[in-house]
Each structure stands twice: as C-alpha cells, then as structure tokens.
Amino acid sequence: MTENMLLAKHQQISKNIKIDYNNIRELLYEKVKNRADEIFLICPGENTVEFTYGQLKLLIKNTYNIFRKLELKNKDRITLIFHNSPEFLALYFSALCFGLTVVPINPDISPKEMGYIINDSKSKAIFYSNVLESKIKNIKNLGDLKLKKITSISDQEFSLKNEDSFEENEIFSHDTAVIIYTSGTTGNPKGVILSHLNMLSDSKCVSEWFHFDTKTRTLCILPLYHNNGQIPTLLAPLYQGGSTVIVQGKVSLLSFWDLVNKYDVTCTSVMASILSMLLSIPNERKDKTLKAIICGGQILTRTVQKQFEERFKIAIFEGYGLTETTSFSCINYFPAEKRKIGSIGKALPANEMAILDENGKDVGENNVGEICMRGYNVTSGYLGLKEKNEKSFRDGWFHSGDFGWKDSDGFFYFQGRKDFLIIKGGENIYPAELENVLYQHPDIIECAVIGIPHKLLGEDICAFVKCKEESEASEMELKEFCKNNIGSYKQPQKIVIINLLNDLDDIPKGPTKKILYRELKKYYMENLSDN
C-alpha cells in the first residue's frame with residue numbers, strides 16, 4: 001500500500017506505520033459495516049441536517065449520478081465553491097469515493113482569484129452554491145467548463161435512487177484526493193497535491209494521538225476548504241467511527257460554547273486567534289464533555305494559553321503543520337499531564353522532523369534552524385511548479401520556511417515564519433516574543449507585531465494592538481509596559497492602537513482566523529509610514 005517506489009524521497013520514513021485503508025472510500029465503507037445506523041455528520045442550523053453512516057453511503061451512491069451526467073471520469077478534477085454546508089460534504093465525499101480530485105475554493109475570494117485556481121488546477125467542472133451565482137458569473141475565461149449550481153441537499157438530484165450497480169472506479173493510495181491552494185507571501189497561490197495516503201495517514205495519527213473512538217464527537221468551526229477543517233474534525237473522527245458537528249456558513253463564536261454543550265462535543269481544532277476572541281466575550285463554558293482543544297496554524301502565546309485554560313478549565317494542545325503536511329505533523333502530548341507547555345510537541349508517527357541549517361545539516365539541540373519534515377503525510381509537491389518544488393523538496397526533506405528548535409527530550413518549538421522575522425541592527429527578533437509580553441497587559445485583547453523599515457537599523461518594530469472597549473490605554477503607557485517586561489532592543493518603536501483608527505476595525509485575518517501579517521505591513525506602509 002505504501003510501497004517506497006511510489007513515494008518521493010521526502011515522503012519515505014524509517015518508522016513502521018500501517019495505514020489500514022487504500023483510500024477514503026474504503027475507510028468510509030468499512031465504518032458503514034458496523035455503524036450504519038449511527039450518526040456521523042451533524043450540520044446545525046435553521047434546518048439541522050444529520051446523516052448516519054449508512055445514509056451518507058447512500059447519498060454518495062446517488063450523487064454519482066450527477067458526476068456521470070456531466071461525463072466526469074476517474075481522476076478528473078472538480079472545483080467546489082461552498083461555505084461549510086451539507087452540500088459541500090455530499091459532493092466532497094462523493095467525489096473522493098468516485099475517484100475524482102477535489103479542488104475546494106474559499107467562496108469569499110474574488111472572481112479573479114477563483115478563475116486563477118480553476119484554470120491552474122485544470123478542473124473539468126465547477127460545483128457552487130446558488131448564493132454565489134453572481135460571483136461565479138464574473139469569473140472570466142472559463143471556456144467550456146461545466147458549471148453546476150447546487151441549491152440544497154434536499155434537491156431531487158441528491159435523492160434519486162442509484163439503480164445502476166456499476167463497478168466503482170479503482171482508487172490507489174497514491175492517487176490525488178484533493179488539491180488545496182495555499183497563498184504565499186508573493187505571487188499566485190500554490191496548489192498543494194494531497195493523496196489519499198496523505199489524508200489517511202494524517203487522520204489516523206491525529207485520531208490515535210487523542211484516543212478517538214466511536215464516542216468521539218468533534219466540532220468543526222474551521223472552513224472545510226482548508227485542510228485544518230478536513231483532517232482533525234472530519235476525517236480523524238471518521239477514522240475511528242466517531243461523529244462530527246459541522247458549523248454551517250460563517251462562524252459566530254458567540255455560539256461556540258452552546259454548540260459544545262448541546263452536542264456533547266469532545267474535541268475541536270482552532271487557530272490561536274480564536275482563543276483570544278473567546279476570551280474577549282462573556283460567554284462561559286457549560287459542558288462536561290470537552291476533553292481537548294487542538295491549536296495550530298500560528299503561535300499560541302503562553303499568556304493566552306494560561307488565561308484560557310484557567311478560565312475555561314480545558315487543556316489546549318498546541319501543534320504544528322502546514323497544508324504541505326496535510327494538516328498536523330507534530331502535536332503536544334495527550335492527555336494534559338504529559339504536555340510540555342510552550343512546545344508544539346513531537347513528530348506524529350507518519351512523519352519525521354528535523355531542525356536544519358541553510359546547508360541541510362542538523363543544528364543540534366536547542367539551536368534555531370529551519371523546521372523540515374518527511375513522511376506519508378507530506379505532499380508530493382506543488383502542482384506544476386518545478387522550480388518551487390526543487391527548492392522546497394530537496395535532500396529528502398520538505399523545507400517549511402519556518403524557524404524552530406528542538407530540546408534534549410525531542411520536543412519541538414515554533415519560533416515563527418522566516419518571512420516575518422524582524423532583523424533589527426543585525427539582531428533576530430521573533431514577533432511572538434513581543435506579542436507574548438503585550439498579551440500580559442490587562443487591556444489588550446489582540447496584538448500582532450511586524451517589522452517596519454528603518455534607515456539605520458534596517459528594520460524596527462511596530463505593534464498593532466486591539467484594546468477592550470473601555471480601555472483608556474495610550475501608546476506611551478503601553479510602551480512603558482513593554483520597557484518593564486522585555487529587553488530594550490525588542491521594544492517597539494511604534495504601537496498602533498486599532499481602536500483609535502478610522503479605517504481599520506480589527507487585526508486582519510484569513511478565513512481560518514489566522515492573522516495576516518502581510519496585510520498589516522501593507523496597511524502600515526500605505527497609511528503610517530514616514531517614508
């Protein structure tokens with residue numbers, strides 16, 4: 001199943017790990033055998049939609065008719081443009097079981113951006129939500145691409161019985177399951193190719209790491225067009241026969257604890273900024289079922305973690321991974337008493353990790369270098385980007401572009417993106433160092449630190465902060481706070497209080513609530529720079 005001859009060098013590992021299935025269809029159909037009448041998918045909303053394992057399999061078979069009418073064939077690529085919804089789930093699982101490759105697109109990006117991804121991926125058909133029709137009409141140069149508008153999961157097309165007992169397409173573990181486009185610091189987004197093996201190995205590892213079983217129920221509040229939505233809270237519970245609650249549309253965090261309580265959720269996955277938002281609203285935890293919150297995608301400051309765990313009495317398990325590693329590649333130990341606070345944990349069984357220098361040599365313990373990975377959950381590469389592939393996948397490793405270090409116990413620590421490193425007068429400063437200090441101020445809800453141009457030092461430091469509504473804190477007061485809590489060369493030259501700005505209401509974030517440092521830097525250069 002995982003023969004090395006089918007794997008790139010950077011996907012091979014020395015560890016023995018058995019992946020139990022060849023593809024996602026095999027996984028799902030196996031669970032149906034013993035859990036046909038058990039709930040797998042719950043989509044709360046005005047009209048809550050639920051599917052048992054058996055119902056989902058029937059829905060998948062029925063949806064094959066839609067693909068066949070469009071003359072789609074095994075290994076064709078299709079684009080899905082939806083917010084979290086039953087419609088996305090039906091098409092997603094049906095496509096993967098049919099043997100198609102899914103290219104999910106964020107429905108909030110512009111028609112021009114959508115057009116680039118559709119054309120770059122060479123999708124044969126576009127499935128989209130009816131509420132997006134005006135946006136879809138503005139996508140140019142689609143040629144003879146097949147367009148399929150989907151109104152509701154209750155449409156007759158989804159309920160038509162599949163009378164044909166045709167033979168299902170053969171799907172191999174190395175076949176492409178999804179292509180997820182990830183934005184870089186410059187240029188167009190890159191298509192990350194993820195195989196069935198990638199998806200299965202990461203899902204298996206996450207599910208076993210957190211001891212998932214048939215009683216596990218996850219809450220998916222992150223978008224399903226992103227890998228952090230698909231793996232920890234959708235495919236990982238599926239791997240163990242559990243269930244998941246998929247929050248539809250755009251998430252209001254005001255309902256977070258109510259959903260956890262109502263549906264007896266045991267685990268969820270979030271970005272660190274979501275934890276900060278939950279701390280800023282008055283809603284309190286009511287449930288007694290939640291066992292873990294997985295957190296990744298950006299640095300979790302110790303201050304936010306401490307405040308959150310003390311207030312809500314739930315352990316946060318920080319991890320690390322990228323789209324290129326399917327989702328997580330390392331996570332802090334579970335249960336809570338095994339954690340090493342501040343660490344992103346140890347490598348998952350499906351992959352190996354190392355901290356390397358610019359020449360590809362191991363830097364040793366407690367030294368900062370580039371976080372590199374190889375394994376079953378690492379992508380084969382970027383779609384159609386030969387030069388980028390040669391640069392990122394070399395010498396048997398995927399080079400992440402992130403800084404980190406490893407301690408003597410083998411625990412890894414995340415320092416930050418190479419792109420966001422501030423070099424002030426030759427000194428390396430990581431934004432998280434100052435962010436961690438700022439979060440300790442009682443008035444600050446959120447903060448983000450960027451490097452800004454300086455004629456003599458090369459770069460200096462600017463902090464954007466969002467304060468509580470009633471706060472009267474000034475820039476001078478916040479600078480004084482920093483002076484008392486961090487070294488002089490790490491102190492910010494400027495502190496921008498977002499509450500006082502007329503044209504910026506919040507720290508800009510992406511669809512997964514990850515802070516967009518690039519947008520902050522752009523805002524600074526266009527509106528606040530003295531240059």
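The text that follows walks through the structure, step by step, so that each part is easy to find.

Parameters and conventions
- Residues numbered from 1 in each chain as written.
- Predicted model: local features only at pLDDT ≥ 70, side-chain atom pairs only at ≥ 80, totals over all residues.
- Heavy atoms only, no water.
- Helix = DSSP H or I, 4+ residues; strand = E, 2+ residues; numbered from the N terminus.
- Rg over C-alpha atoms; globule rule 2.2 N^0.38 Å.
- Buried < 20%, exposed > 50% of the residue type's maximum accessible area, 1.4 Å probe, protein only.
- Contact = heavy atoms within 4.5 Å.
- Arc of directions from axis to C-beta.

1. What to know about the overall build of the chain
Across its full length, the chain carries 15 helices and 26 strands. In terms of overall dimensions, the chain is globule-like: its C-alpha atoms have a radius of gyration of 23 Å, near the 24 Å expected for 531 residues. Residues counted as buried form 58% of the 531 residues belonging to the chain. When contacts within the chain are restricted to residue pairs at least 6 apart in sequence, those whose partners lie at least 24 apart make up 68%.

2. Here we look at the environment of Pro 86
You can see Pro 86 is positioned in helix H3 (residues 86–98). The class of Pro 86 is buried, set by a relative accessible area of 2%. Considered as a pair, Pro 86 and Thr 289 are 203 residues apart in the sequence and their alpha carbons are 25 Å apart. Leaving out residues up to four positions away in the same chain, Pro 86 has contacts with Cys 43, Val 49, Ile 153 and Gln 248.

3. Overview of unusual backbone geometry
With an omega dihedral of 0 degrees, the bond running from Phe 334 to Pro 335 counts as a cis peptide bond. Summarising the element assignment, Pro 335 is placed in the loop between strand S14 (330–331) and strand S15 (346–347). One non-glycine residue, Lys 122, adopts positive backbone phi at about 60 degrees. Along the chain, Lys 122 turns up in the loop between helix H4 (111–121) and strand S5 (125–129).

4. Here's the deal with helix H14 (residues 475–483)
The complete set of buried residues in H14 reads Leu 478, Phe 481 and Cys 482. The buried side chains of H14 occupy one side of the element, clustering within an arc of 100 degrees when seen end-on. Where H14 is buried, its residues meet helix H13 (431–438), strand S24 (444–454), strand S25 (458–467) and strand S26 (494–497).

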